[in-house]
Amino acid sequence: MGALVLLLLCVAVTADARAQERLVRRFATEEGLGAPPVSALAQDRSNTLWIGTKGGLYRFDGTVFRRWASDRVTGAVARIAAAADGRVAAQTEDGAVFTLTRNGATAVPPPPGGWSKRVRALAYDGSGGLWSVAGDTALARRDEKGWTVLPRSWHGEERLRVILSAADGGILVLTDAGLWHLDPAGGPGRKRFDALLVDAVSFPDGRLVVLTGDGRVVELVEGRQRELASRARGHLPAGRPIMLVERAGTYWVAMDRYLVAVRPGAEVEWIGSADGLESGGPLLVDHEGSLWVGTFAALLQYPEPETVVWTDRAGLPGRHVRYLARSRDVLWVTSWQGTGSVRRAGTRLDIAAVPELSSQSRPCADHLGVLWLSVGGHAVRIHGGRRLGAVSAVPAGFNSCAAAPGPTLWIGSDRGLLRADVRRPALRRVEGVPFGDDAPVHAVLEDRAGRLWAASGERVCYAPAAAARAGDAGGWACELLPGAGVVTSLLELEDGGLWASTQQAGVLARGAEGWVPLSRNAELASRDVFGLVPSPSGGVWIIGSGILQRVRPGGPGGWEVLEAPGSANGLLSVGGGDLLEDGDGTLWVATSRGLLHVPPEARYFRPGAPPRVELMEARVDGEVVALGGDLELPADRNRLELRFAALSFRDPERVRYQVRLSPGAPWIDTRGQPWFRWVELPAGRYRAEVRASLDGRHWSAEPARFAFRVLPPWYRTPAALAGFATIIAVAVWAVYRARLAYLLGLERERTRIALDLHDELGSGLGSIGILAGLLAPGRLDRSQQSQIAEEVAGTAEELGSALADIVWALDPRTATLEELASRLVAHGERLFAGDDVEFRLRSPREWPATELPLALRRNVLLIGLEALHNAARHARARRVVLAFTRRGGRRWELTVSDDGVGLDHAEPCDARRGRGLDGMRRRAEEIGATIAWRTDPGGGTTVALTFAIPGAAARRLSRWRGRRRPRPTA
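The structure contained in this document is the topic of the report that follows. The written sequence of each chain sets the order in which its residues are numbered from 1. Note on the predicted model: pLDDT of at least 70 is required for a residue's local features to be given, and 80 or more for side-chain atom pairs to be given and counted; whole-chain, interface and lining totals, by contrast, use all residues. Excluding hydrogens and water, the side-chain figures rest on all heavy atoms present in the structure.

Side note on the pattern of salt bridges
Two side chains bearing opposite charge may form a pair once their charged atoms approach each other closely. For this analysis, a salt bridge means a side-chain nitrogen from Lys or Arg found within 4 Å of a carboxyl oxygen belonging to Asp or Glu. Considering all chains together, one arrives at 55 salt bridges under this definition. Note that arginine 247 is salt-bridged to glutamate 304, the shortest N-O span being 2.8 Å. With arginine 247 in strand β23 (residues 241–247) and glutamate 304 in the loop between β29 (299–302) and β30 (308–310), this pair connects stretches of sequence that are 57 residues apart. Each member of the pair, arginine 247 as well as glutamate 304, is classed as buried. For the salt bridge of glutamate 269 with arginine 263, the shortest nitrogen-to-oxygen distance reads 3.2 Å. With relative accessibility at 16%, the residue glutamate 269 sits in the buried group. Helix and strand assignments come from DSSP, with helices taken as H or I runs of at least 4 residues and strands as E runs of at least 2, each series counted from the N terminus. The classification of residues rests on relative accessible area computed with a 1.4 Å probe and restricted to protein chains. Under 20% of the type maximum is buried, over 50% is exposed, and intermediate values are partly exposed.

A word on the state of the cysteines
Cysteine sulfur atoms are paired as a disulfide whenever they come within 2.5 Å of each other. One pass over the structure, following the stated rule, counts two disulfides. With a sulfur-sulfur separation of 2.4 Å, cysteine 364 is cross-linked through a disulfide to cysteine 401. In this structure, the disulfide formed by cysteine 364 and cysteine 401 twists by about -100° around the S-S bond and is classed as left-handed. Note that cysteine 364 is positioned in strand β35 (residues 364–365) and cysteine 401 in strand β39 (residues 398–403), a separation of 37 residues in sequence. Using a relative accessible area of 26% as the deciding quantity, one classes cysteine 401 as partly exposed. Note that cysteine 461 is cross-linked by a disulfide to cysteine 478, the S-S spacing being 2.0 Å. Since a negative S-S torsion denotes a left-handed disulfide, the cysteine 461-cysteine 478 link at about 105° is right-handed. Taken together, the positions of cysteine 461 in strand β45 (residues 459–464) and cysteine 478 in strand β46 (residues 477–480) put the pair 17 residues apart, joining distant regions of the chain. Here the bonded cysteines of the chain are numbered in sequence order, and their pairing is 1-2, 3-4.

As structure tokens, then:
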């Protein structure tokens, strides 16, 4: 659980000033509990602890203290009340009352007369009604309908001091003169006690235990009173009584400087400053039985106050206890400083050192209950508390002992194996032991088959017990336990198997292949095992460094753990050098801190149901988010961290957590950490669950849940997908339209090419065919044939030139206006090659450097060619002029002018010429140009084509100048 759990497991103050120690956990400012003193304690139905301090209200989940509703509950908290239905209320020193919620606190409206300036009182009844005090009257608030002022006659007109919840669902009213019990159904109260009271505890059977102002603890049963403790009789120390609680039959009384345990029929025990208690204060027994005390400096938790460690201050001969043994009703305790006794004297323990028993070795008890001790080089026998005297000299201290079925007690000493004769009595060295007469014997055992086992170091030897008693050295056989270090004890199991505890190898079992370490050794805190002790409760105790377990031999790992006392049972630390278990279940453990006493009620504590787990905080990328509602996380920001707490305070180290992302998913262990983080979750809805356990087998019945949703990335949202679908559809449609347009354009281009070929080549080819037919032999004379041949050749030349022009116009390679003009000039020079027509070109000084688009180049060329052909065929002109003129910006004009007969006198019946004009007009429209035919006043025709060249900004000088051909002479 992190650093906080390490702080939880600390022990209060040093033991040098105390006769006994208890496990106590201390929470103060360093652990997150700000501004003690602690003035109020309560636990709600979810098992959360609420702590009222001078600095405000705190909530504790077992892991973290959180300041609660600091914006509302701003003053010192005087009272906290918890209802059976889960509601919690707090009252501040100024009387204001607040109901606490999951996310904060809500102020309760004050009664008409305002809050009491003298009394702080707050309690819930069984039906959830909230009770308080205003002035000298009691108030009740039910169903959020406002405060009801109760008649003062209900509590005998006596002045109110305290209001408490009763076990039967009613209310206990403590006044200056007694205690009144108000029935849950309402009506006047019944007086139960006549005295000034400080506190009271009620029970479902009707019993009451009260704490009086003069320091008495009194039990009320059916009108009879029984005084359990009294300051006047010395049971309670001098001081101011503060509060009373009951825990497992013990009444704990908080006083201003003490905490007093009142056990009916037993000695009263005080815990004070010498035991690390700064002061008394409010008390609480939580759902697991832990006792909580609020002091002026801290909040203290006693997980199991009945478990104590008796120290040398209590009368033991020394603090470090090594060995234990029982002789009748006396428990003998051996430390490094000697041996002492522990016996019961009525309801208390009488602990004393025995000065003459300076033994530091193991005490051995025979089957008659007589204790054998090695004291000052002699064997001393003790029966109960009576010393029977010395028997004989012994070579050294005792290490181990084993009672045989007969009169024999086997003792392993630092210098050899000893045999005690219980009846005589006598103590002799056993001869013929394989280790040597003076070798230390660390462990000894006589099994049920009559074999004697002895261990020295890593060697274990065995022989028939009869042969060993006779000193027969030949009857021994030995086995080696490599790596064991020292064999510390030997034990025969119920099934006849043998176990050995060792200092370095843990627990070994003897099998067909010899001594084998058990695999469950890996789960022990260490491999340093001091002993194996049979338990009257069944099984075997394994004790050692950090080891205290009761196990049942068997199973795949070698044993099954039945019991592992720890901090939940009040142990300051786990482990010990020796152990003794009484018939009633009381445990006595020899530890380096003293003699550990674990009573049955503390030993057999069971946590009950698995702990309730609650979500404490949720963070997304380090930022806290609300736990309620359906959280939505973006796709690129979904690092979610959940913090949770199992509301179990008795043994925080045992708490284990598991999480899963959604119901049905496998559980993931958090390795004891109260948080878990998910990173880069895919889009979807999730319902994370958390559960907790104290034993790893039983888990929370109802896991804590947190619902959230991870949004898909923007490109996977429905809107984006719809947009993508639309874009794809539009793109497909556009591709389809483009393809269709391309195919249509291709078809139009084919049609144009066909028309161009038809227009330019069709008639010429037809003329060639007709003329070729006239050349048939016998139809024309030689001169006519020569003339027709010339016409055929001229027509073929024209067709070739026209075809070249068409091919150039369709060439995808780039061409400029100047190049187009050169082709028109070349064509015109061929058309007007004779001397009867003057052909001239008028060109600009600068030509545009911009390349002509293919469609513009083709159509301008074909229009120019058609205009030149019309002039040559129909105008009967003497002069033809081809001109290119810039009209501003990107606009240019192509003109073909002649001085012929004009349009009106041209061959009107020439259908081809009409189609030619329509074709020229269609070509002009295709390139966005305008075309016009004008008849000049002096005669002749001008064809003017105006078109635009895209990007025609650059210029270059013309290479041409106007040329004039001489007119032919007569």
